[in-house]
Every structure is written in C-alpha cells, then in structure tokens.
Amino acid sequence: MKKKFKTSVLEREILTTFADTKNFIVNKYYNAFMNKLGVEGADYQQRDYMLRQFWATGTIAMFVIQNSVTEETPQGLAVFCPYAPIDYNTYDFPVHCTLINKRGVPFIPAGSQTIDKDVCIGFIQRNHKGIKFIVDYYAKRIALIKSVMQTQLIAKKMPFVLATTPENKENIENLWNDILSDNPALFADFDVIGNVNALNLTSTFEIDKLQNMADNEENNLKEILGIDNLGVHEKKEHLINKEIEANNQQTEDSASCIIDCLEEFSECIKKTFNYTLTFEWKNSIQEEKEEGNFEEEQDEEEI
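Not measured: the values here are computed from a predicted model.

A. Structural view of the side chain of Arg47. For Arg47, the position within the fold is in helix α2 (residues 44-56). For the buried residue Arg47, which engages in no salt bridge, the nearest side chain bearing the opposite charge is Asp48, 5.6 Å off. Looking at Arg47, its side chain comes within polar contact range of the main-chain oxygen of Met34, at 2.4 Å. In contact with Arg47, other than residues within four places in its own chain, are Met34, Asn35, Leu37, Gly38, Val39 and Ala42.

Structure (structure tokens):
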C-alpha cells in the first residue's frame, strides 16, 4: 500500500503560483501574437481562426469553394481548416491530406485532397510546430523563477524562534516586548542575555537577482518571437549603438523566419487559386513613432 503524503499550505501555494504564472504568461503572448500578425484577404473570423491554428498546431489548410465569386467575395469564398496528412514525398512534405470537418459543415469536402492542387497548406515555423511550443518552454522557466520569488516572500514572513525554559521564559518575553516597543536603549541582566537562543528561519533575500533572471528569459522569448524586447530589462540609453543594432537584427531575423513561411503559403494560394492572401508583421509603437506615424508630445519647454 502506497503511503499518501500530505502537501503543506506552503507547497500548495507554490504549486498554485507556478500554474497561475505560467497560464498568465502563455495568455499574455497569445494575445501579443494574435495582435502582432496582420492578414489581408481574410475577414476577422477567418483571420482569428487561422492564427489560433498557427498558435496551437503551427499549420492550416486552405481552399477556395468553386463558383463562389460574388460581389461580396470577388476572389471567391476561402475556407480555412485543420487537416491530417495521408502520405509524404521524399522531402517529408505531405502529398495528400484529409480535411478535418470539426463542425460538420457541408462545404468542406471529404476524402483525399491533393496538396498544391485541391488545397494549400501553410506553416508558421520551419520546424512545423506552433508558436505555443516556444512560449510554453519559456513560460515554464519564468514561472519557475517566479515561484522561487514567491517562496522568498513567504520566507521573509517567517517568525524568529526563541528557546526558553520555565525559569527564564517570563524574562525573555519581557525583553522581546521591549525590543518590539522601539525603545532606544534596553537594560537586561547578563543571565537573561546569555540565555537567549534565537533561530532565524528567513533565507537570503535575492528577489532582485531572480527578477533579472526572469526579465532575461522574457527578453529571449520576445527576441525569438520577433517582438521588440528593449526596455524590459535594459534601457536603450544604457546600450551602445552596436548593441542596439545587434538586438534589432536578431529580432528582425526571428520575425523573418515567421514571415518567410507565411509568404510561401501566400505564393501557393496565389498560384493554385489565384487568390491574394498577404501577411504582415506589425511594427511596434516605438518603430512607428520613429517613422513619424505617431505624433510626438511636445517638450515642456516648447509648451
């Protein structure tokens, strides 16, 4: 019979903090990703569904319903849905697939579909994984650091333990009360001072170092996602121009990895269905300000 171990209140609080922090970070970057990627050629529902698939699974299928050109849909009616590969070519790319009709709608065809003929498939990353794959890794690391910070905060509330005997308990209690009363000077017998044994249960306070670690992990996550990460831990004015340029180049390279995959998806759609679908990695507010798209506030001296 296995022995059951009871978890303490502290352990439960730490586990709850870890789970809540991880979920918060994942949701934070889910919203950032959904807002970062612009799509032209799809309505808001199609865009939302497409990006959710890119976030979770990293891939999606697209086709255009035949004879669906109208005034409202001049390019035809595009449909986006998940799929299951059937077979692969020698380069490990799917050749045929089955479209997954999750809602049982009548316009999604059943049976085998030929890729690059009946449907087009697109990926968000070269490794064919979703964005969540990256975010989950860093979210776990940041949540682990935050849970250690929570442990330190709890530890700072731990009391001192004063060892006493029936003979000296009253004298030590009086001494402790005098300490808590903020008296500038305390007078006690040598016997009382010599018998005070205190146990300090607090740990070294290193939250500032832990916060730096968490900030660095978040900087790495933003860099991989192609999001401007200057200012999370370091101010721009503290960095030399070469460091800023190197950081910007790495961020742009990461964003290009995503955009290049999506452009290949767009080219396939254009070639197969003569349908224009374009993607844009939106600039940060800071970049748009530098380009003059935002009005800068006047200095106090000019007012």
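B. Here's a closer look at the packing of aromatic side chains. Scanning the model with the defined rule gives 6 aromatic pairs in all. Centroid distance Phe33 to Trp55: 6.1 Å. Interplanar angle 35 degrees. Geometry classified as tilted. Placement of the pair is Phe33 in helix α1 (residues 9-36) and Trp55 in helix α2, with a sequence separation of 22 residues. Of the two residues, Phe33 and Trp55, neither departs from the other in class, the shared state being buried. Residues Phe265 and Phe279 carry aromatic rings whose centres are separated by 6.4 Å and whose planes lie at 25 degrees to one another, so their mutual orientation is stacked. Taken together, the positions of Phe265 in helix α7 (residues 241-273) and Phe279 in strand β10 (residues 278-281) put the pair 14 residues apart, joining distant regions of the chain.

C. Representation of helix α6 (residues 207-224) in the model. The end-to-end C-alpha distance of α6 is 26 Å, a good match for the 26 Å that 18 residues give at a rise of 1.5 Å each. In the segment just after α6, Gly226 is the residue with positive phi, at about 75 degrees.

D. Layout of the sheet that holds strand β2 (residues 59-64). Read across the open sheet, the 3 strands follow the order β3-β2-β7; overall the sheet is antiparallel. What marks the edges here is a single partner per strand, and that holds for β3 (78-81) and β7 (120-123). Within this sheet the neighbouring strands show an average axis-to-axis angle of 25 degrees, counted without direction. Summarising the sheet, β2 and β3 pair through 4 bridges and their orientation is antiparallel. Each residue of the ladder has a partner; that of Phe63, found in β3, is Val79.

E. Looking closely at the pattern of salt bridges. The full count for this structure, using the stated rule, is 6 salt bridges. A salt bridge links Lys22 to Asp136; the shortest N-O distance between them is 3.6 Å. In this pair, Lys22 is assigned in helix α1 and Asp136 in helix α3 (residues 131-155), connecting sequence segments 114 residues apart. Judged on exposure class, the residue Lys22 and its partner Asp136 are both buried. The shortest N-O distance in the salt bridge between Lys132 and Asp136 comes to 2.7 Å. Here Lys132 pairs with Asp136, and both are found in helix α3, just 4 residues apart, close to one helical turn. When its relative accessible area of 29% is taken as the criterion, Lys132 is described as partly exposed. Looking at Asp136, the relative accessible area reads 17%, which means it is buried. Each member of the salt-bridge network shares a partner with another, and the members are Lys22, Lys132 and Asp136.

F. View of the sheet that holds strand β5 (residues 94-99). Strand order in the open sheet formed by 3 strands is β4-β5-β6, with antiparallel pairing between adjacent strands. Of all strands in the sheet, those with a lone pairing partner are β4 (83-88) and β6 (112-114), marking the two edges. For this sheet, the mean angle separating the axes of adjacent strands, direction not counted, is 35 degrees.

G. Examining the environment of Asn101 more closely. Along the chain, Asn101 falls in the loop between β5 and β6. Among the residues examined, Asn101 registers a relative accessible area of 29% and is labelled partly exposed. Separated by 20 residues in sequence, Asn101 and Cys81 have C-alpha atoms that sit 7.4 Å apart.

H. Up close: unusual backbone geometry. The phi dihedral of Asn67 is positive, around 55 degrees, even though this residue is not glycine. For Asp92, which is not glycine, the phi dihedral falls at a positive 65 degrees. Counting through the fold element by element, Asp92 comes out in the loop between β4 and β5. The class for Asp92 is exposed, based on a relative accessible area of 59%.

I. Expanded view of the confidence of the model for the protein chain. Per-residue pLDDT for the protein chain averages 81, and the proportion of residues at 70 or more is 72%. Here residues 284-291 is a poorly scored stretch, pLDDT under 50, and it has 11 contacts once near neighbours within four places are set aside; other chains count. The model gives residues 293-303 a pLDDT under 50, and that stretch makes 6 contacts with residues more than four places away or in other chains.

Conventions we followed
- Residues numbered from 1 in each chain as written.
- Predicted model: local features only at pLDDT ≥ 70, side-chain atom pairs only at ≥ 80, totals over all residues.
- Heavy atoms only, no water.
- Helix = DSSP H or I, 4+ residues; strand = E, 2+ residues; numbered from the N terminus.
- Buried < 20%, exposed > 50% of the residue type's maximum accessible area, 1.4 Å probe, protein only.
- Lys, Arg positive; Asp, Glu negative; His and termini not counted.
- Salt bridge = Lys/Arg side-chain N within 4 Å of Asp/Glu carboxyl O.
- Polar contact = N/O pair within 3.5 Å; in protein donor to acceptor, adjacent residues only side chain to side chain.
- Contact = heavy atoms within 4.5 Å.
- Phe/Tyr/Trp six-rings, centres within 6.5 Å; stacked < 30°, edge-to-face > 60°.
- Expected span 1.5 Å × (residues − 1).
- Pairing = 2+ DSSP bridges.
- Axes fitted to C-alpha atoms, helices over the stretch in contact; angles between N-to-C directions.
- pLDDT = per-residue confidence, 0-100.

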